[in-house]
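Below, each chain spelled out in residue letters.
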Amino acid sequence: MADGLAGTTLRINLKTGAIRRLPTDEALFRRWQGGRGVVAKLIYDEVPRDADPLGPKNIFIICAGVMSGAFIPAGSKVGFGSVSPLTNGHGDSNMGGHLGPALKFAGYDLVVFEDISPRPVYLYIDDDTVQLRDASKYWGMRSLACEKALKEDLGQDFEVATIGPAGENGVLFSCITHDFGRQAGRTGQGTVMGSKKLKAVCVRGSKSLRVHDLEALKKQVTGIMLRTQKHPNMEPWQKYGTAFFIQWSNQNAVIPAYNFQTTYYEDTSKIDGDQLVEKCLITHKACFGCWMNCGKYTRAVIPGKPEVHLEGPEYETGALCGSNLGMKDINHVAYLNWLLDDLGMDSMSGGGVIGFAMECFERGLITEADLEGHPLRWGSVDDVEHFLEMVASRRGIGDWFAQGSKRAARKIGRGSEKFAMQVKGQEMSGYDGRWAPGMLLSYMTADIGAHHNRSWTITVDMAEGRESVEGRAKIVVYLQHIRPLFDTWCICRLFWGELDVTPEEIVESLNHITGWGVSLEEVLRTSEMIWNLNRCHYLERNLADGRTFDYPPARSWEDKIPSGPGKGKGLSREQVEQMLDEYYAARGWDSRGNPTRAVLEDLGLADAADNLEKIGRLGEPIPGGIPKVRGEKYKPKAF
Amino acid sequence: MRIKVNGAKCSGCRLCLQICAIENYRDINPKKAALRIEARFPDPGRFQPYVCTQCGKCAEVCPEEAIHRSDNGAYLVDPARCNNCGVCVEACPVRVIFQHPDLGHVIICTFCMKCTELCNTGAIVKWERPAKPAKAAAAREAGV
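Computed from a prediction, not measured in an experiment: that's the story for all the values here.

Peer 1: Got a sec to walk through the overall build of chain A? Specific residues and values, please.
Peer 2: Along chain A, the regular secondary structure elements total 26 helices and 17 strands. Taken against the 2.2 N^0.38 rule, which gives 26 Å for 639 residues, the C-alpha radius of gyration of chain A at 23 Å falls within 12% of a compact globule. Long-range contacts, defined here as pairs at least 24 residues apart, represent 70% of the contacts in chain A between residues at least 6 apart.

Peer 1: If you had to explain the overall build of chain B to someone new, which residues and values would you point to?
Peer 2: Along its length, chain B carries 5 helices and 6 strands. Relative to a compact globule of 144 residues, whose C-alpha radius of gyration would be 15 Å, chain B shows 15 Å and is just as compact. Here the analysis covers contacts within chain B between residues at least 6 apart in sequence; of these, 58% occur between residues at least 24 apart.

Peer 1: Tell me about the packing of helix α17 (residues 437-445) of chain A against helix α19 (residues 472-489) of chain A, and name the residues and values.
Peer 2: Residue and element names in this part refer to chain A. Two numbers describe how α17 lies on α19: the axes approach to 10 Å, and their chain directions differ by 55°. Taken together, α17 and α19 sit at an angle that is classed as oblique. Where α17 crosses over α19, the handedness of that crossing is right-handed. Residues Pro-437, Gly-438, Leu-441, Ser-442 and Thr-445 of α17 touch α19, and the partners they reach there are Arg-472, Ala-473, Ile-475 and Val-476.

Peer 1: Account for the sheet that holds strand β14 (residues 295-300) of chain A, naming residues and giving values.
Peer 2: Residue and element names in this part refer to chain A. Pairing in this open sheet of 3 strands is antiparallel, and the strands run β13-β14-β15 from one edge to the other. The strands lining the two open edges of the sheet, one partner per strand, are β13 (281-285) and β15 (308-311). Here the strands of the sheet are splayed against their neighbours by 20° on average, with no regard to which way each runs. Of the pairings in the sheet, the one linking β14 to β15 comprises 4 bridges and is antiparallel in character. When the bridges of β15 are listed, Tyr-297 appears paired with Glu-311. Here helix α10 (residues 273-280) sits on the sheet in contact with β13 and β14, set at roughly 60° to β14. On the sheet, helix α12 (residues 330-343) packs against β14 and β15 and is oriented at approximately 80° with respect to β15.

Peer 1: Describe the sheet that holds strand β10 (residues 176-178) of chain A, and please don't skip the residues or the numbers.
Peer 2: Either a parallel or an antiparallel arrangement is found when strands of a sheet pair, and the pairing is made through backbone hydrogen bonds. Residues and elements named next belong to chain A. The strand order β8-β7-β12-β9-β10-β11 describes an open sheet built from 6 strands, whose pairing is mixed. Among the strands making up the open sheet, the edge pair consists of β8 (129-134) and β11 (182-184). Along the sheet, successive strands turn relative to each other by an average axial angle of 20°, direction set aside. Contacting β9 (159-162), β10 and β12 (198-204), helix α4 (residues 143-154) crosses the sheet at an angle of about 145° to β9.

Peer 1: Hey, could you go over the nonpolar core for me, with residue numbers and the actual values?
Peer 2: Ala200(A), Cys202(A), Ala357(A), Cys16(B), Leu35(B) and Ile108(B) are the most contacted members of the largest nonpolar core, which totals 249 residues. Sort the elements by how many residues they give to this core and α19(A) lands first, with 10 residues. Those residues in contact with Ala200(A), other than ones at most four positions away along the chain, are Tyr122(A), Ala135(A), Tyr138(A), Cys146(A), Leu150(A), Val160(A), Ala161(A) and Thr162(A).

Peer 1: Just give me the short version of the pairing of β12(A), but keep the residues and values in it.
Peer 2: All names here are of chain A. Counting buried residues in β12 gives 6 out of 7 residues, a clear majority hidden from the surface. Summarising the sheet, β9 and β12 pair through 4 bridges and their orientation is antiparallel. Looking across to β12, one finds that Val-160 is bridged to Cys-202.

Peer 1: How would you sum up the interface of chain A and chain B? Please name residues and give values.
Peer 2: Contacts between the two partners involve 27 residues from chain A and, on the opposite side, 23 residues from chain B. Mapped onto the side of chain A that touches chain B, the elements with two or more residues apiece are α4, α7 (214-228) and β13 of chain A. The greatest single-element share of the side of chain A that touches chain B, amounting to 4 residues, is contributed by β13(A).

Peer 1: If you had to explain the packing of α19(A) against helix α22 (residues 520-542) of chain A to someone new, which residues and values would you point to?
Peer 2: Residues and elements named next belong to chain A. The interhelical angle for the contact between α19 and α22, taken along N-to-C directions, is 90°, at an axis separation of 9 Å. Compared by their axis directions, α19 and α22 come out roughly perpendicular. Every residue of α22 that contacts α19 at Gln-480, His-481, Ile-482, Pro-484, Leu-485 and Thr-488 is listed here: Val-523, Leu-524, Ser-527, Glu-528 and Trp-531. By residue class, the composition of the contact of α19 with α22 is 6 nonpolar, 4 polar and 1 charged.

Peer 1: Got a sec to walk through the environment of Ile19(A)? Specific residues and values, please.
Peer 2: Residue and element names in this part refer to chain A. Tracing the backbone through its elements, the reader meets Ile-19 in strand β2 (residues 19-23). The class of Ile-19 is partly exposed, set by 14 C-beta atoms lying within 10 Å. Sequence spacing of Ile-19 and Val-112 is 93 residues, and the spatial spacing of their C-alpha atoms is 9.9 Å. Apart from residues no more than four positions distant in its own chain, Ile-19 is found in contact with Leu-10, Ile-12 and Val-130.

Peer 1: Got a sec to walk through helix α13 (residues 347-362) of chain A? Specific residues and values, please.
Peer 2: All names here are of chain A. For α13, spanning 16 residues, the distance from its first C-alpha to its last is 22 Å, which sits close to the expected 22 Å at 1.5 Å a residue. With respect to burial, α13 is a largely interior element, 15 of its 16 residues being buried. Just past α13, the residue Gly-364 takes up positive phi, approximately 80°.

Peer 1: Describe α10(A), listing the residues and the values that go with them.
Peer 2: Residues and elements named next belong to chain A. Turning to α10, its buried residues are Gly-273, Gln-275, Leu-276 and Cys-280. Summarising the axial view, the buried residues of α10 lie within an arc of 160°, below the 170-degree limit, and thus occupy one face. Contacts from the buried residues of α10 go to α8 (234-240), α9 (245-251), β13, β14 and α12.

Peer 1: Go over the environment of Ser380(A), please, and point to the residues and values.
Peer 2: In this fold, Ser380(A) is placed in the loop between α13 and α14 (381-393). With 49 residues separating them along the chain, Ser380(A) and Ser429(A) place their C-alpha atoms 22 Å apart.

Peer 1: Mind laying out the pairing of strand β1 (residues 8-13) of chain A, listing which residues take part and the relevant values?
Peer 2: Within a regular strand, the side chains alternate between the two sheet faces. Residues and elements named next belong to chain A. One ladder, built from 5 bridges, connects β1 with β2; its direction is antiparallel. Considered in β2, the bridge of Thr-8 is made with Pro-23. The turn joining β1 and β2, which pair antiparallel and follow one another in sequence, is formed by 5 residues; a positive phi near 85° is taken by Gly-17.

Peer 1: Hey, could you go over the environment of Leu276(A) for me, with residue numbers and the actual values?
Peer 2: All names here are of chain A. Counting through the fold element by element, Leu-276 comes out in helix α10. The class of Leu-276 is buried, set by 26 C-beta atoms lying within 10 Å. Between the C-alpha atom of Leu-276 and that of Val-333, which follows or precedes it by 57 residues, the distance is 9.7 Å. Excluding anything up to four places from it in sequence, Leu-276 contacts Ala-243, Leu-281, Lys-296, Thr-298 and Ile-330.

Conventions adopted
- Residues numbered from 1 in each chain as written.
- Chains lettered and ligands numbered in written order.
- Predicted model: local features only at pLDDT ≥ 70, side-chain atom pairs only at ≥ 80, totals over all residues.
- Helix = DSSP H or I, 4+ residues; strand = E, 2+ residues; numbered from the N terminus.
- Rg over C-alpha atoms; globule rule 2.2 N^0.38 Å.
- Contact = placed C-beta atoms within 7 Å.
- Axes fitted to C-alpha atoms, helices over the stretch in contact; angles between N-to-C directions.
- Parallel < 35°, antiparallel > 145°, perpendicular 65-115°, else oblique.
- Left-handed = near helix turned anticlockwise from the far one by under 90°.
- Pairing = 2+ DSSP bridges.
- Core = buried A, V, L, I, M, F, W, Y, C linked by C-beta atoms within 7 Å.
- Buried ≥ 20, exposed ≤ 12 C-beta atoms within 10 Å, placed from the backbone.
- Nonpolar A, V, L, I, M, F, W, Y, C, P; charged D, E, K, R; others polar.
- Expected span 1.5 Å × (residues − 1).
- Arc of directions from axis to C-beta.

Written as C-alpha cells, this is what we have:
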C-alpha cells in the first residue's frame, strides 16, 4: 500500500451486483493527483463518446483523494464524477463533511460504479464488509429524511450521502447530500446516481491511514493551525462563514439581483451574515479536520410552515436564492436552501433556474396557467415552493426547468436565451461578471460550465481595472490550474485565500503524506493536463469548435448594469471576443478554441490530440509556437 | 489540571480526535482517540464532546489492576497487564474508554492536552481547578 492511499479500489457493477476489490493504482493517483484528476482520466478513458450520461455506459465515481482523511487542514473532501447530464462534458463535484475521510478509514480510495441497477440499492461499507443493499424502503424519501433514516437503521457513526426525489426523477441539476447540509451540487452528480438507482452511500471505517512522514506532517500542520488561529480573518470567518460576503459583494457590485438583471440589492441587510447569525444560527458546524468551522447550522422559521433545520445559507445560496430571487427575509432564504437540499437539487443551479423562471414570469413568457394557477413573483417563498415541487416531480412545465435554464430557454424561446444565466448548461455562481471581466471569462471557459471554483478573479479585476480586459486571460489560466488542485487533492481551499496558508505549504504536506517529493510546478502542470483533457473530452462529445461553447448569455454584453455602484458599467461584445482570443493564446489553443497538438503533446496527451484530429477539431498550429509557460501568477484572493 | 468541555462551542471538526491518536499512537485514526463527540443531528443540531473526567472508575473496576493514576492525574493503562477484557469500557460513566482491533489494550486519555491546543472554538480547554470542590461537582464542572 502506498503512503497516503488507503489501498483498495472498488469496482461495482450495479447491473449484476458484482463487487470487485482491486489494489489502488498508485501510478494513476500520482500522475493525476487523485480527486478530480482521477475522475477526469477514468471517464475520458471509459465512457464512450456517444453514451447517454444517464444511460448504462456512463460510470459514476467516488474518489477520496490522497489528502482526504490525513492530518491536514480541512482534509475533508470527497470527489464525485461522471459525464455530466447538465453539460454533456466532464462532470465533477465535491463536498466536505466526513464521507471522504470515512472512506479512507474504511480502506478505500476510489469507488467506480458501472451500469444501472435493476432496483433501488444503496452501498454499505463497514471496513471490509461491502454490500449493495436493497433501498426500496428509502426510495422516494427526501434527502435529509433519508439520511436520518439510514443513520437510525445502521448506526449514528455511519457517514451517509443520499439523493432526493429530484435525483430519482432525473432533474438534471440534482445534488448529493451528506451530513445534513453538505452537498456535491454541481454538474448533476445526484442525477447520475439516480439514473443508476443508487439511493445512498453509507460508510464506516476504523482503519489507520499510513503516511510517509507522520512526525514531519504533525509538526508542520500543527504549526499552520496554531499560527492561523491568530489570523485576523479567523474570527469573522468562524462567526459568519461565507455569508460574510453578501454585503461585500453588494458593495462591490457583483451580487446577482433579480436574475442577474442588476448587481445591487436594496435589501441586502435583510439577508446578510448578521441576519443569519442573529435570526437563524443553531450551531457552528465544521467539516472533518477544519479549524475554521465556516458551516452554520441553522433553523428557518416562517409562520404557517414547519420549522426546518439546515446548514447554510452559505454565500452562494444566500446570493442565488436571496438577492437573485428578491427575497427580503433571511428565514425565507434559509427555507429555500432547506427545500432545495431536501428535494435534492443544487441550490446554486436551483437559484439560477428559479431566477430565470421568475424573470420569464415577469415578462409574461410563462403564466399562472402554465404554473398550475400559481404566480411566480420576486420575493415570494410560497410561489417558489410550489414551483420547486413542479420541478422536482417534473410536472407540466416543471419538466422544462428540471433540465436547467439553457434547455428551458430553448423550450420557451422568445428571446429568453439572453437571460438564461448559464454557460455550457450550468448556471452561474453568485457573482455577476459584467463589471468583473476576469470573472466572466472564468465562467465562460470553466470545464464544467459557469462555476466559480475553477477561477475567481473579482479582487484581481478590482485591482487591475474593471473596465479593461487586457492581460486578464493569463491570470484566469493560472487560477484555473491552482484552484482546482484543491479539488484534486480533496481538501478545502478556503484557508489558502482567507488565512494565507500558501500552496507551497500544502505541497509540503502532500509530500509528507505521500513521499512523492513533487514541486508546486509539477502539480500545476498536472492541473493543466487535467484541464486540457477535459477540454478535449468536451469537444469529442459535443462535436464543434470549442469557441462556440464558450459564450455567456447575451445579457453579459448587451445590458449595462442598471443600478447601484456599478450603474452604467458593462462589457462590450468586442471585449468578450478579445478575452477569448487572449485566453486561447495563453493556453496554446487556436483561435477556434481548440487545443493544439503542440500543447497536448507537451502535456503528455498525444492520444487526446489524435482523438481530436479524428473529429476534425485539433487546433491549427500556432505561428511562432505555443507559450512555454501557460498562465501567469497573480497574488490570489480566493473563496 | 483538567479538560473542560463546552458543547455549545463545539463545531464537530474532530481535530481533537485526530491529534489524540497521533500523539498517543503515532497513527492517523480517529477511532484510536480517547475522547468522543456525539453529533445530534438533524435535531436539535448540537455537538457534545465527552472527555475523561478522572473519576477513577476504570481503575476501581479493572480486574487486572492494569490502570493506575499517574503523576499528572491521568489514569493510565499498563499495556503489559491489560488483557482488553472491556470491563472498564462498560464502567466508564462518560464512555471515553475504547477498544480497537489493532490494539491489545484499551485506549484511555493520557492527559497530554493536545486536544485543547488544537481546539479553535473553546469547546475543549485546559482547566485549572480553582479550589478543591467535591468529586461529583468536579465531574459536573467538567461538562458531562
